[in-house]
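# A closer look at the structure
What follows is the residue order along each chain.
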Amino acid sequence: MKFNNVYFINGTAYAGKSTMVKMLAEKYNGIACEENYHDARISELDSCEFPGLTYTRDLKDWREFIRRPPDEYEAWIKETTRECTILELQILEDLSKQDKMIFVDTNISVEVLAEVSDNDHVLIMLAEPEISVNRFFERPDKEKQFLYQLLLKEEDTDKAMENFRECLKRVNSKEIYDYFLNSGFNVIIRDDKRTIEETLALVEKSFKMK
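Residues numbered from 1 in each chain as written. Predicted model: local features only at pLDDT ≥ 70, side-chain atom pairs only at ≥ 80, totals over all residues. Heavy atoms only, no water.

Moving on to the sheet that holds strand S3 (residues 102–105). Read across the open sheet, the 5 strands follow the order S2-S3-S1-S4-S5; overall the sheet is parallel. Two strands in the sheet have a free side with no partner beyond their single neighbour: strand S2 (31–33) and strand S5 (186–189). This sheet shows a mean twist of 20° between the axes of neighbouring strands, independent of strand direction. With 4 bridges joining them, strand S1 (residues 6–11) and S3 adopt parallel strand pairing. Counterpart to Phe8 in the pairing with S3 is Val104. (Pairing = 2+ DSSP bridges. Helix = DSSP H or I, 4+ residues; strand = E, 2+ residues; numbered from the N terminus. Axes fitted to C-alpha atoms, helices over the stretch in contact; angles between N-to-C directions.)

Next comes the structure, spelled out in structure tokens:
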């Protein structure tokens, strides 16, 4: 199935994906599917079919989450990305029946995006890998601040922080950055000297809206 009225933005953390999705939806009176929009359906998922996405839903002790070694964390991220692709396609198939433009901060793999969308409906937004690691706890997101407080309560705070940073480095590596950079889709790289309005103009140009 080809999604003709859906505009996908994939890429790395801290690149501005959700901000652009929100601004585009407001400007074009469309639908914004912001970061982790698939969470709305997590309560109904079968843990056997979606073990990655239901891991945090069914988690009894969040200390288990922050104590995972990097290999385990990386494997979980890969599994959730696979599951997100399945779930997002289901959601978007329903949403695309509406006569509106849909803007998506997506986890769908670039390989699948190449199958379900045209090149000018997909954009990759990137931030340098170290930004995602060094600035992870700078955002006021409740989830990130919750994890930060858990880490501070660990017996060896420095060791706990270092382990969690190693987990973040695994999923924000140069290899992943290059994977997106060489995906064949249009790319916008984060530039703090550029205004939000200037970035929006670049996004619209990529999507051939202006």
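Next up on the list: the packing of aromatic side chains. Summed over all chains, the structure comprises 17 aromatic pairs. Note on Phe65 and Trp76: the rings are 5.4 Å apart at their centroids and 85° apart in plane angle, and the pair reads as edge-to-face. Of the two residues, Phe65 sits in helix H2 (residues 63–66) while Trp76 sits in helix H3 (residues 70–95), which places them 11 residues apart along the sequence. In textbook terms, an aromatic cluster arises when at least three aromatic residues are bridged by ring pairs, as seen for Tyr55, Trp62, Phe65, Tyr73, Trp76, Phe136, Phe137, Phe146, Tyr148 and Phe164. Here the guanidinium or amino end of Arg68 rests over the ring plane of Trp76, the centre of that ring lying 4.5 Å away. Of note, Lys144 hangs over the ring of Phe136, and the distance from its end group to the ring centre comes to 5.1 Å. (Phe/Tyr/Trp six-rings, centres within 6.5 Å; stacked < 30°, edge-to-face > 60°. Lys NZ or Arg CZ within 6 Å of the ring centre and 35° of its normal.)

To continue, consider the packing of helix H1 (residues 17–27) against helix H9 (residues 196–206). A pair of packed helices is characterised by two quantities: the angle between their axes and the separation of those axes. Packing of H1 against H9 brings their axes to within 11 Å, and their N-to-C directions diverge by 75°. Taken as axis vectors, H1 and H9 run roughly perpendicular relative to one another. Mapping the contact onto sequence places Thr19, Met20, Met23, Leu24 and Lys27 in H1 and Ile196, Thr199, Leu200, Val203 and Glu204 in H9. Tallied by class, the residues present in the contact of H1 with H9 amount to 6 nonpolar, 2 polar and 2 charged. (Parallel < 35°, antiparallel > 145°, perpendicular 65-115°, else oblique. Contact = heavy atoms within 4.5 Å. Nonpolar A, V, L, I, M, F, W, Y, C, P; charged D, E, K, R; others polar.)

The next thing to look at is the confidence of the model for the protein. Summary statistics for the protein give a mean pLDDT of 94 and a share of 100% for residues scoring 70 or more. The least confident element of the protein, judged by mean pLDDT, is helix H5 (residues 129–134) at 87; the most confident is strand S4 (residues 122–126) at 98. (pLDDT = per-residue confidence, 0-100.)

Attention now goes to the nonpolar core. The tendency in soluble globular proteins is for nonpolar side chains to be buried as a group. Of all hydrophobic cores here, the largest spans 36 residues; its most connected members are Ile9, Leu24, Phe65, Phe164, Val203 and Phe207. Examining the composition of this core, we find that 6 residues originate from one element, helix H7 (residues 157–171), more than from any other. Residues Ile31, Val104, Leu113 and Phe180 belong to the second largest nonpolar core, which totals 28 residues. (Core = buried A, V, L, I, M, F, W, Y, C linked by side-chain atoms within 4.5 Å. Buried < 20%, exposed > 50% of the residue type's maximum accessible area, 1.4 Å probe, protein only.)

Right, let's get into the pattern of salt bridges. Per the stated rule, a full pass over the model turns up 18 salt bridges. Its salt-bridge partner being Lys97, residue Asp94 comes within 3.9 Å of it at the nearest N-O pair. Overall, Asp94 belongs to the partly exposed group, its relative accessible area being 39%. Looking at Lys97, the relative accessible area reads 66%, which means it is exposed. Arg135 serves as the salt-bridge partner of Glu138, at 3.0 Å between the closest nitrogen and oxygen. In this structure, a network of salt bridges that share partners links the residues Asp71, Glu74, Lys78 and Arg170. (Salt bridge = Lys/Arg side-chain N within 4 Å of Asp/Glu carboxyl O.)

Counted by the stated rule, this structure contains 1 cavity of 30 Å³ or more. Empty space within the largest cavity amounts to approximately 30 Å³. Lining the largest cavity are Thr12, Ala127, Glu128, Pro129, Ser132, Val171, Asn172, Ser173 and Ile176. Class assignment for the residues of the lining of the largest cavity results in 4 nonpolar, 4 polar and 1 charged. (1 Å grid on protein atoms, 1.4 Å probe; cavity = no way out; pocket = protein on both sides within 12 Å on 5 of 7 lines; lining within 4 Å. Points joined across faces, edges and corners; volume = space filled by probe spheres on them.)

Looking at where Glu64 falls in the secondary structure, it is placed in helix H2. Glu64 sits 42 residues away from Thr106 along the chain, and the two C-alpha atoms are 27 Å apart. Apart from the residues lying within four places of it in its own chain, the contact partners of Glu64 are Tyr55 and Leu59.

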